[in-house]
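Listed below are the residues making up each chain.
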Amino acid sequence: MHKTNFRNLDLNLLRIFNALWEYRSITRAGQALGLSQPAVSHALRRLRDETSDLLFVRKDFGMQPTKKAIELCGPIKNALELLQTAFQSDQQFDPKLSSRTFRIAMTLASELYYLPRLIKSIEKNKYRITISVSSPNTENVSYELRRGEIECYIGYNPSIVDDFYSDLLTEDEFVIVLRNNHPLLQKGIDICSLEMLHDIRYVYGERNTPGIGHIDRFFSELDIRPQISVTVSNLMSAPEIVKSTDLAVIFPKSLSRIFNVDGNFSILKIPYQFPEIYVRSFWNKSLSTDNGRVWFRQFIVDTLKE
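It should be emphasised that the depicted structure is a prediction, and the values quoted were computed from it without experimental measurement. (Residues numbered from 1 in each chain as written. Predicted model: local features only at pLDDT ≥ 70, side-chain atom pairs only at ≥ 80, totals over all residues. Heavy atoms only, no water.)

(A) Looking closely at the packing of helix H1 (residues 11-23) against helix H3 (residues 37-51). Direction vectors running N to C along H1 and H3 enclose 105 degrees, while the axes themselves pass 10 Å from each other. Viewed along their axes, H1 and H3 adopt a mutual orientation that is roughly perpendicular. Together, Leu13, Ile16, Phe17 and Leu20 of H1 and Val40, Ala43, Leu44, Arg46 and Leu47 of H3 make up the contact between the two elements. Along the lines of polarity and charge, the residues of the contact of H1 with H3 split into 8 nonpolar, no polar and 1 charged. (Axes fitted to C-alpha atoms, helices over the stretch in contact; angles between N-to-C directions. Helix = DSSP H or I, 4+ residues; strand = E, 2+ residues; numbered from the N terminus. Parallel < 35°, antiparallel > 145°, perpendicular 65-115°, else oblique. Contact = heavy atoms within 4.5 Å. Nonpolar A, V, L, I, M, F, W, Y, C, P; charged D, E, K, R; others polar.)

(B) Broad picture of the side chain of Asn284. Structurally, Asn284 can be placed in strand E12 (residues 277-284). Given a relative accessible area of 10%, Asn284 falls into the buried group. At 2.8 Å, the side chain of Asn284 forms a polar contact with the backbone oxygen of Leu145. (Buried < 20%, exposed > 50% of the residue type's maximum accessible area, 1.4 Å probe, protein only. Polar contact = N/O pair within 3.5 Å; in protein donor to acceptor, adjacent residues only side chain to side chain.)

(C) Representation of the environment of Ile250 in the model. Its place among the elements puts Ile250 in strand E10 (residues 247-252). Among the residues examined, Ile250 registers a relative accessible area of 4% and is labelled buried. The sequence separation of Ile250 and Cys192 amounts to 58 residues, and the corresponding C-alpha distance is 11 Å. When neighbours within four sequence positions are excluded, Ile250 is seen to be in contact with Phe174, Val175, Ile176, Tyr202, Ile215, Phe219, Leu235, Ile270 and Phe274.

(D) Representation of the nonpolar core in the model. If you look at the biggest cluster of nonpolar residues, it comprises 55 residues, and the most contacted ones within it are Ile154, Ile176, Phe219, Ile250 and Ile300. Those residues in contact with Phe219, other than ones at most four positions away along the chain, are Leu197, Tyr202, Tyr204, Ile224, Pro226 and Ile250. Membership of the second largest hydrophobic core comes to 20 residues, among which are Leu14, Ile16, Leu20 and Ala43. (Core = buried A, V, L, I, M, F, W, Y, C linked by side-chain atoms within 4.5 Å.)

Next comes the structure, spelled out in structure tokens:
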């Protein structure tokens, strides 16, 4: 296997790799870099020689990355951004001039709750930046942060701790959501009784649903075996089910308000000791010298913190 000599590695190849990753097209990558198509094709051949891998394979829907290219993507993006930071360390980041894309991993619940506010603030301030949102793999989100594949993760994940900066955005709580006129509702009551917790039939999330472990422990400590009528892959579908049935769902209070804008639901407090929800943004400490990331972190806090 060919071994890359980093002393002789042309850093322009990294820029071309990054452009191919972003555009998945030799022609469009060349246009973005101001290079001809033959020049990009020649650079790709050199990259393939250096890595002993095809890296990008032509398919009907564009140049698709190989497993090796996927492994290299994060470190190469990170390296290019660190180099840019080093040469521009004395320059302030200006979001009204920069077309930089910031990458965020967040759950669908966080998207629903936070993303509209972010986009509204970007438009209001006439920033040129763009945001790319991906669905987090809860087991790998720490790995993605360390490799610089994402700028930050926004969500509820108590397993991410000391290795990262974190900013508290929202303190939330779980509530019971039922349809109006549910047969178990009593007029004027906004607190869920122990008897109701026993009698309610629930829409429940799969094992990997954020927060579901806390809900399980809550029921276990009260010695309640919840009546689960349906288990869904994503709890964001639960309100539509609850609205037309006698089922209920345990939901973060913040989200329940979003789904209840038309007043179709009754929201009940849970008076027993139930773990609170702390939604945070998490950031890689080693990338804190990047002026763009420093600005973006403060932008997230200023826009989303409650």
